[in-house]
Amino acid sequence: MKTICAEFMGTFLLVFLGSGAVLFAKGDALTIAIGFGLAITISAYAFGGISGGHFNPAVTTAFMINGRTSVGEGLVYIVSQIVGAIAASACVRVIVDALKLPANQMAQTDFPKLSVGAAFFVEALATFLFLVVILNVTSNDHGNGDFAGLAIGVTLMLLIIFSVNLTGASLNPARSIGPAIFAGGSALSHLWLYIVAPEVGAVLAAFASRFLMDTED
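Looking at an unreviewed UniProt entry, one finds the protein chain named MIP/aquaporin family protein and attributed to Lacticaseibacillus jixianensis. Recorded in UniProt for the protein chain, the comment headed Subcellular location (unreviewed entry) runs: "Membrane". For the protein chain, the Sequence similarities (unreviewed entry) comment in UniProt is given as "Belongs to the MIP/aquaporin (TC 1.A.8) family."

Structure representation (structure tokens):
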């Protein structure tokens, strides 16, 4: 139960604070990147010692592939993450309604400027790079646990700066699922891409880190 709560709370913080940076702070790319980056850093240090600090189904997938997390535990983590993201977006919706903002403004992810193929490539590549950093910085062989949360947060910031104006910078299926449910429209019809592309990036990162960078014991 502690690990379930930790994954729920960490994902809740990530989606709630990140969405707040998009909507209520009316952030530019840098503000949005800082919001999500600091949120994942805080969550990693607050809850990582309990659950390992995944807060992202793509991270959990990579950890399951590389044997760091069992399949059963991983599936429970993923459900907790998705529920946490939906709960965070529900809270955002309450504030959106109170401010009388358009109902479809939920900090959802979409790709109005790109083709489906290009958007898929951006999300898969960004997630691949993100997971490579995570798997290496948390490796028992050559990682650095003391600074893992900081390294992960900074990496997320930089990848969001790169991709936020292209795809909304998801890199996390749960982060897209929560807002899309409440925003509807193209965010919901394109949700499959934000589930599949990060998972593809995670699978590639898991194998690359394991066999090319020797991250696993």
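Participant: Explain the pattern of salt bridges here, please?
Facilitator: A side chain of one charge can pair with a side chain of the opposite charge when the charged atoms of the two come close. Applying the stated criterion to the full structure yields 2 salt bridges. The partner of glutamate 216 in a salt bridge is arginine 68, and the shortest N-O contact between them spans 2.9 Å. Of the two residues, glutamate 216 sits in the segment after helix 9 (191-211) while arginine 68 sits in the loop between helix 3 (57-65) and helix 4 (71-98), which places them 148 residues apart along the sequence. Between aspartate 97 and arginine 93 there is a salt bridge, with its nearest N and O atoms 3.2 Å apart. Here aspartate 97 pairs with arginine 93, and both are found in helix 4, just 4 residues apart, close to one helical turn.

Participant: Even after reading the chapter, I still don't get a nonpolar patch on the surface, so can you show me in this structure?
Facilitator: Side chains of Leu30, Ile34, Leu38, Ile42, Tyr45, Phe147, Leu150, Val154, Leu158 and Ile161 sit close together on the surface and give an oily, nonpolar patch of about 930 Å² of accessible area. Every element with two or more residues in the nonpolar patch is listed here: helix 2 (29-51) and helix 6 (148-167). As for its placement among the helices and strands, leucine 30 is situated in helix 2.

Participant: Please clarify how the UniProt feature "transmembrane region" (unreviewed entry) in the protein chain should be interpreted in this entry.
Facilitator: In the numbering used here, UniProt assigns the feature "transmembrane region" (unreviewed entry) to residues 6-25, 32-55, 75-96, 116-135, 147-171 and 191-213. Structurally, residues 147-171 comprises 80% helix and 0% strand, and the distance from its first C-alpha atom to its last is 21 Å. With 91% helix and 0% strand, residues 191-213 has end C-alpha atoms that lie 32 Å from one another.

Participant: Just to check I follow, could you spell out the nonpolar core for this structure?
Facilitator: Judged by nonpolar contacts, the single largest core of 32 residues is most densely connected at Phe130, Leu131, Leu156, Ile160 and Leu171. Mapped by element, the contributors of at least two residues to this core are helix 1 (2-23), helix 2, helix 3, helix 5 (116-137), helix 6 and helix 9. Among residues more than four places away in sequence, those in contact with leucine 156 are Leu14, Phe36, Gly37, Ile40, Phe130 and Leu171.

What counts, and where the lines are drawn
- Residues numbered from 1 in each chain as written.
- Predicted model: local features only at pLDDT ≥ 70, side-chain atom pairs only at ≥ 80, totals over all residues.
- Heavy atoms only, no water.
- UniProt positions renumbered as here; feature names shortened; annotations may be inferred.
- Salt bridge = Lys/Arg side-chain N within 4 Å of Asp/Glu carboxyl O.
- Helix = DSSP H or I, 4+ residues; strand = E, 2+ residues; numbered from the N terminus.
- Patch = residues over 30% accessible without salt bridge, like charges linked within 9 Å, V, L, I, M, F, W, Y side chains within 5 Å.
- Areas by Shrake-Rupley, 256 points an atom, 1.4 Å probe, with all protein chains shown as cover.
- Core = buried A, V, L, I, M, F, W, Y, C linked by side-chain atoms within 4.5 Å.
- Buried < 20%, exposed > 50% of the residue type's maximum accessible area, 1.4 Å probe, protein only.
- Contact = heavy atoms within 4.5 Å.

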